[in-house]
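Take a look at the letters that make up each chain.
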Amino acid sequence: MATKTFTYIQSSIVPIQTENIDTDQIIPARFLKATTREGFGENLFRDWRYDSNNQPIPGFVLNDDTHKGKILVGGKNFGCGSSREHAAWAISDYGFDVVVSSFFADIFKGNALNNGLLPVQVSEGFLQKIFAAAEADPSSQVEVDLEQQKITLVATGESESFEINPYKKACLINGYDDIDYILSNKEKIEAYELTRAFV
C-alpha cells in the first residue's frame with residue numbers, strides 16, 4: 001500500500017524536551033488492539049496528556065495551543081523501548097509529518113520511514129537551538145527539505161544536513177512502500193530477466 005509523498009515542509013514545531021521517550025509513552029500498550037493504522041493519534045502520549053479521570057493534564061504541550069505544527073521535536077534517544085510499529089502510526093495519525101531528535105532508536109527509525117514519517121536526526125547543539133527558538137517564539141518555523149537533506153531554522157537561516165538511506169528517501173519522495181518500489185522498477189527487472197533467459 002502506497003504511503004503519502006514527502007519532499008518539503010515548513011512548519012512551526014511541537015517541542016517535547018524529555019529524553020529517552022520510549023514507545024510505551026508514545027502509545028501505551030493497552031491501545032495496541034487495533035490492527036489498522038487509523039485512530040491511534042487520539043491516544044498519542046495518552047498518559048502524559050490525560051489523568052486517571054481522562055481529564056487533560058494542564059501544561060502538557062499537546063493540551064496547549066501555544067505550540068502547533070506538523071513537526072514534533074523530541075529529546076535525545078527518541079523511540080526507545082519496544083519495537084511496536086504503532087508508535088509511528090500514532091505520531092503520523094495525530095498529524096505530524098516529521099520527528100526531529102538528536103538520536104533515534106533504530107527500530108523506531110525504521111518503522112517511521114516505513115510509514116511515511118520522516119525522522120530527522122540532528123546534532124545535540126542544533127536540537128537545543130530548535131528548542132530555544134520555540135521557547136522564545138512559539139510560532140518559529142522550521143524548514144525540512146528531504147531532497148536536499150537539510151533542516152533549517154527559518155528565523156536565523158541556520159541549517160544542518162541530515163542522513164537518510166537513499167532507498168527510503170526515494171520511497172518517501174514517491175510515496176512508495178516496498179512493493180511499489182519493486183513495481184516501479186518492473187521494466188528494469190524484465191530487461192534483466194531477458195538477459196538471463198538462456199543462461
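Structure first, text after, so check above.
Residues numbered from 1 in each chain as written. Predicted model: local features only at pLDDT ≥ 70, side-chain atom pairs only at ≥ 80, totals over all residues. Heavy atoms only, no water.

Trainee: Would you mind going over the pattern of salt bridges with me for this structure?
Mentor: Proximity of charged atoms lets side chains of opposite charge pair with each other. The final tally for this structure, using the stated rule, is 4 salt bridges. In this structure, the salt-bridge partner of Arg 30 is Asp 47, at a minimum N-O distance of 2.5 Å. Taken together, the residues Arg 30 in the loop between α1 (23-26) and α2 (46-49) and Asp 47 in helix α2 connect sequence positions 17 residues apart. Put simply, Glu 158 and Lys 129 hold a salt bridge, and the shortest N to O gap is 2.7 Å. (Salt bridge = Lys/Arg side-chain N within 4 Å of Asp/Glu carboxyl O. Helix = DSSP H or I, 4+ residues; strand = E, 2+ residues; numbered from the N terminus.)

Trainee: Sorry, what's going on with helix α4 (residues 106-114) here?
Mentor: An α-helix turns once per 3.6 residues; consequently, residues spaced three or four apart project the same way. Residues Phe 108, Asn 111, Ala 112 and Leu 113 constitute the buried set of α4. Of the surrounding secondary structure, the elements contacted by the buried residues of α4 are α1, α3 (86-94), β4 (118-121) and α6 (166-174). (Buried < 20%, exposed > 50% of the residue type's maximum accessible area, 1.4 Å probe, protein only. Contact = heavy atoms within 4.5 Å.)

Trainee: Mind showing me how you'd approach the nonpolar core here?
Mentor: For soluble globular proteins, the rule of thumb is that nonpolar side chains tend to be buried together. Counting residues in each nonpolar core, the largest one holds 26 residues, and the members touching the most others are Ile 26, Phe 45, Leu 72, Phe 78, Ile 91 and Phe 108. Among the secondary structure elements, those contributing two or more residues to this core are β1 (8-16), α3 and α4. No other element matches the 5 residues that α3 contributes to this core. Ile 71, Val 144, Phe 162 and Leu 172 belong to the second-largest nonpolar core, a separate cluster that totals 25 residues. (Core = buried A, V, L, I, M, F, W, Y, C linked by side-chain atoms within 4.5 Å.)

Trainee: Is there a simple way to explain the packing of aromatic side chains in this structure?
Mentor: The description of an aromatic ring pair uses the distance of the two centres, along with the angle that the planes make with each other. Per the counting criterion, the structure on display carries 8 aromatic pairs. Taking 6.1 Å as the distance between ring centres and 75° as the angle between the ring planes, the aromatic pair formed by Phe 78 and Phe 104 counts as edge-to-face. Of this pair, Phe 78 sits in the loop between β2 (71-74) and α3 while Phe 104 sits in the loop between β3 (98-101) and α4, and the two are 26 residues apart along the sequence. Residue classification places Phe 78 among the buried positions, given a relative accessible area of 0%. Centre to centre, the rings of Tyr 94 and Phe 96 are 5.4 Å apart; their planes meet at 20°, and the pair counts as stacked. In this structure Tyr 94 comes out as partly exposed when scored by relative accessible area, which is 33%. Feature note: the residues Phe 45, Trp 48 and Phe 60 constitute an aromatic cluster, connected by ring pairs. The ring of Tyr 50 has Arg 46 sitting right over it, with the charged end atom 4.3 Å from the ring centre. (Phe/Tyr/Trp six-rings, centres within 6.5 Å; stacked < 30°, edge-to-face > 60°. Lys NZ or Arg CZ within 6 Å of the ring centre and 35° of its normal.)

Function-wise, these values are silent; they only describe arrangement.
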